[in-house]
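Below are the chains, spelled out letter by letter.
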Amino acid sequence: MKHGQVTAQTTDSGQHSPPKTLTQRRLAIAMRTEREGSIVSLPLGFKALLCSTLCAVTLLSGCATNSMTGRTQMTLVSDEQVSRQSLSYYSAMVGDYRKKEKVVEKGPVKDRITQITNRLIAQAVLYRPAAAQWDWRVTVIDDPETVNAFCMPGGLMAIYTGFIEKLDATDDEIAQVMGHEIGHALAGHGAEKMSMQMTTNLAVLVIAAATAQNAQDMQNRHAAMTVGALAFVNRPNDRLTEHEADRIGIELAARAGYDPAAAVTLWEKMGKLSGNRPASFLSTHPSSDQRARTLADMQEPMRKLQITALAPTSAEGSGHPHDWLHAPKDTRPVIDASRAIALYSPQWEAFANGRLELQGNNVPGFMLKQRRLREFHQQQQWRDLASAVMDVDHKLDLSYHYLSFAAKGLGHEAASLHYMERARQLSENKDTSCTGSFVISCLDKQSP
């Protein structure tokens with residue numbers, strides 16, 4: 001059975017039992033109605049209501065918050081499913097290039113790319129510890145005319161020699177582009193895009209059924225709308241995902257000891273190259289006037305990260321002796337999932353230094369998120385706990401208790417003590433103490 005195909009299961013009695021998962025059940029209903037033409041015979045108004053309801057329920061149940069970026073994403077398929085499909089495609093692609101003797105198997109270029117990507121991977125797994133078990137690979141493709149690089153879900157990377165040669169790319173610039181591509185994988189953009197395509201396919205199916213007059217009309221409408229939907233879904237990466245990948249990429253590179261200024265020079269080179277002829281990379285990575293400015297604005301904090309990485313006592317400055325690309329998985333460093341680090345922001349810097357101040361009065365927001373806050377606390381998801389408290393921004397002693405736990409868990413001992421003292425101060429005022437609230441539970445109020 002092909003991946004993603006929905007089939008009914010046959011029982012011993014010969015009857016068909018429905019697919020078990022929620023997404024499978026919805027898709028099976030839509031497929032059955034297409035096959036049997038049952039929706040076509042319904043009144044037009046009822047068909048529209050039924051179809052819009054089906055799509056809305058699918059959209060709502062398929063959304064989740066990405067703990068690394070903090071953004072809500074469409075996630076109808078898991079990262080594991082997308083990674084399996086990517087591995088199949090990647091293996092076939094590399095195999096084809098290898099048959100054509102277009103894969104750089106050894107030599108200075110291969111060694112150079114291996115060293116750069118190893119240093120980036122060592123940082124990537126700190127943001128997303130589960131990535132420590134990805135099947136990380138990088139292939140150098142001998143194609144001097146193609147200016148491109150990519151990273152598929154699951155850490156499957158490739159870079160074309162044309163990128164290095166035509167741009168005369170430095171190590172710092174290569175680190176920026178590979179960090180950017182790894183950023184797409186870390187942020188789950190592949191699973192998000194596939195989920196959007198699944199949703200679009202479902203919407204096309206039910207809308208065709210809702211507006212068709214008969215079975216033949218439905219087939220015609222479905223075929224016509226599918227062409228338009230594919231043109232929409234297969235569009236290049238949008239500015240939002242590109243911005244996220246830029247943010248992640250420049251930070252990965254800086255933490256690996258590479259010059260953040262290369263992020264700006266890289267895009268300047270890409271811009272000049274595309275002025276002469278379109279580059280393959282730019283066809284799927286749209287540029288914008290804001291891109292260079294955004295990367296330029298990040299230079300100061302990223303420079304600090306680079307300086308820290310290059311310090312003699314820094315693990316980053318040691319060159320990352322572990323080979324993530326070739327060493328067996330059972331020899332990889334163990335990454336503590338509870339200490340996943342956050343992307344830089346002034347707010348996170350203030351939190352780590354014990355200078356974060358909550359100013360809001362957001363009782364409804366705290367009530368809505370308290371169950372989630374408790375789960376983060378119990379599961380020791382310290383980055384997510386701190387992020388959620390900052391998002392709610394409710395000045396309460398319990399909020400600072402949570403911040404104290406998160407700071408201690410992430411290794412910010414001084415900040416943890418400061419937040420616990422702030423919690424003690426707020427507990428003395430009934431307006432800022434959870435014990436004075438009739439709607440907020442104080443169960444988690446204890447010392448870290």
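Refer to the preceding data block for the structure.
The rules behind these values
- Residues numbered from 1 in each chain as written.
- Predicted model: local features only at pLDDT ≥ 70, side-chain atom pairs only at ≥ 80, totals over all residues.
- Heavy atoms only, no water.
- Helix = DSSP H or I, 4+ residues; strand = E, 2+ residues; numbered from the N terminus.
- Contact = heavy atoms within 4.5 Å.
- Areas by Shrake-Rupley, 256 points an atom, 1.4 Å probe, with all protein chains shown as cover.
- Salt bridge = Lys/Arg side-chain N within 4 Å of Asp/Glu carboxyl O.
- Buried < 20%, exposed > 50% of the residue type's maximum accessible area, 1.4 Å probe, protein only.
- Core = buried A, V, L, I, M, F, W, Y, C linked by side-chain atoms within 4.5 Å.
- Pairing = 2+ DSSP bridges.
- Disulfide = S-S within 2.5 Å.
- Expected span 1.5 Å × (residues − 1).
- Arc of directions from axis to C-beta.

**Describing the overall build of the chain**
Okay, step 1: Assigned secondary structure in the chain consists of 18 helices and 7 strands.
Okay, step 2: Restricting to contacts in the chain with at least 6 residues of sequence separation, those with at least 24 account for 72%.
Okay, step 3: Surface summary for the chain: the accessible area is close to 22,500 Å², and the carbon and sulfur share equals 55%.

**Quick word on the pattern of salt bridges**
A side chain with one charge can pair with a side chain of the opposite charge if their charged atoms come near.
Okay, step 1: Across all of its chains, the model carries 17 salt bridges by this definition.
Okay, step 2: Between Asp 96 and Lys 100 there is a salt bridge whose closest N-O contact spans 3.3 Å.
Okay, step 3: For Asp 96, a relative accessible area of 35% translates into the label partly exposed.
Okay, step 4: The salt bridge partner of Arg 424 is Glu 428, with a shortest N-O separation of 2.7 Å.
Okay, step 5: On the basis of relative accessible area, Arg 424 is assigned to the partly exposed category, the value being 40%.
Okay, step 6: Since its relative accessible area comes to 62%, Glu 428 is described here as exposed.
Okay, step 7: One salt-bridge network, held together by shared partners, links Arg 247, Glu 251 and Arg 255.

**Concerning the nonpolar core**
Okay, step 1: Core analysis: the largest hydrophobic core is formed by 53 residues, its most contacted members being Trp 136, Met 157, Ile 159, Phe 163, Met 178, Ile 182 and Leu 186.
Okay, step 2: Ignoring sequence-local partners within four residues, the contact set of Phe 163 consists of Thr 146, Val 147, Asn 148, Ala 169, Val 177, Leu 266 and Met 270.
Okay, step 3: The next biggest cluster of nonpolar side chains, apart from the first, holds 30 residues, and it includes Leu 373, Val 392, Leu 398 and Leu 403.

**Describing the environment of Leu 126**
Okay, step 1: For Leu 126, the location among the structural elements is in helix α4 (residues 108-127).
Okay, step 2: Distance in space between the C-alpha atoms of Leu 126 and Ile 335 is 7.0 Å, their sequence separation being 209 residues.

**Quick word on the pairing of strand β5 (residues 137-141)**
Okay, step 1: Counted residue by residue, β5 has 4 buried out of 5 residues, so it is predominantly covered.
Okay, step 2: Both β5 and strand β7 (residues 156-160) contribute to a ladder of 5 bridges, which runs parallel. In the sheet register, Thr 139 faces β7, and the bridge partner there is Ala 158.

**Some words on helix α16 (residues 382-392)**
Note on helix geometry: an α-helix contains 3.6 residues per turn, so any two residues three or four positions apart are oriented the same way.
Okay, step 1: Counted residue by residue, α16 has 9 buried out of 11 residues, so it is predominantly covered.
Okay, step 2: Of all the residues in α16, the buried ones are Trp 382, Arg 383, Asp 384, Leu 385, Ala 386, Ala 388, Val 389, Met 390 and Val 392.
Okay, step 3: On the buried face of α16, the contacting elements are α4, α14 (346-352), α15 (363-378) and α17 (397-409).
Okay, step 4: Backbone geometry just downstream of α16 places Asp 393 in the positive-phi region, at approximately 55°.

**Comments concerning the state of the cysteines**
Okay, step 1: By the definition in use, this model includes 1 disulfide.
Okay, step 2: Across the disulfide, Cys 434 is cross-linked to Cys 442 (sulfur-sulfur distance 2.0 Å). In this structure the cystine formed by Cys 434 and Cys 442 twists about its S-S bond by roughly 140°; its chirality is therefore right-handed.
Okay, step 3: Assessed through its relative accessible area of 1%, Cys 434 is described here as buried.

**What about helix α3 (residues 79-99)?**
Okay, step 1: In this model, α3 (21 residues) spans 30 Å end to end at C-alpha, consistent with the 30 Å of a helix rising 1.5 Å per residue.
Okay, step 2: Buried residues of α3: Val 82, Ser 86, Tyr 90, Met 93, Val 94 and Tyr 97, and no others. When α3 is viewed along its axis, its buried side chains cluster within an angular range of 95° and face the same direction. Turned more than 90 degrees from where α3 packs its buried face, Arg 84, Ser 88, Ala 92 and Lys 99 sit exposed.

**Describing the environment of Ile 174**
Okay, step 1: You can see Ile 174 is positioned in helix α6 (residues 171-186).
Okay, step 2: Between the C-alpha atom of Ile 174 and that of Ala 149, which follows or precedes it by 25 residues, the distance is 9.5 Å.
Okay, step 3: Those residues in contact with Ile 174 that sit more than four places away from it in its chain are Arg 112, Ile 113, Ile 116, Ile 159, Ile 164 and Ala 169.

**Thoughts on unusual backbone geometry**
Okay, step 1: Positive phi is not limited to glycine here, since Asp 168 has a value of about 50°.
Okay, step 2: Residue placement: Asp 168 occurs in the loop between α5 (161-167) and α6.
Okay, step 3: Phi at Asp 393 takes a positive value of approximately 55°, unusual for a residue other than glycine.
Okay, step 4: Relative to the assigned elements, Asp 393 resides in the loop between α16 and α17.
Okay, step 5: On the basis of relative accessible area, Asp 393 is assigned to the partly exposed category, the value being 28%.

**Brief notes about the pairing of strand β6 (residues 149-152)**
Okay, step 1: Side chains of β6 alternate between two faces, with Ala 149 and Cys 151 and Phe 150 and Met 152 buried alike.
Okay, step 2: Alignment of β6 against β7, held across 4 bridges, turns out to be antiparallel. Each residue of the ladder has a partner; that of Phe 150, found in β7, is Ala 158.

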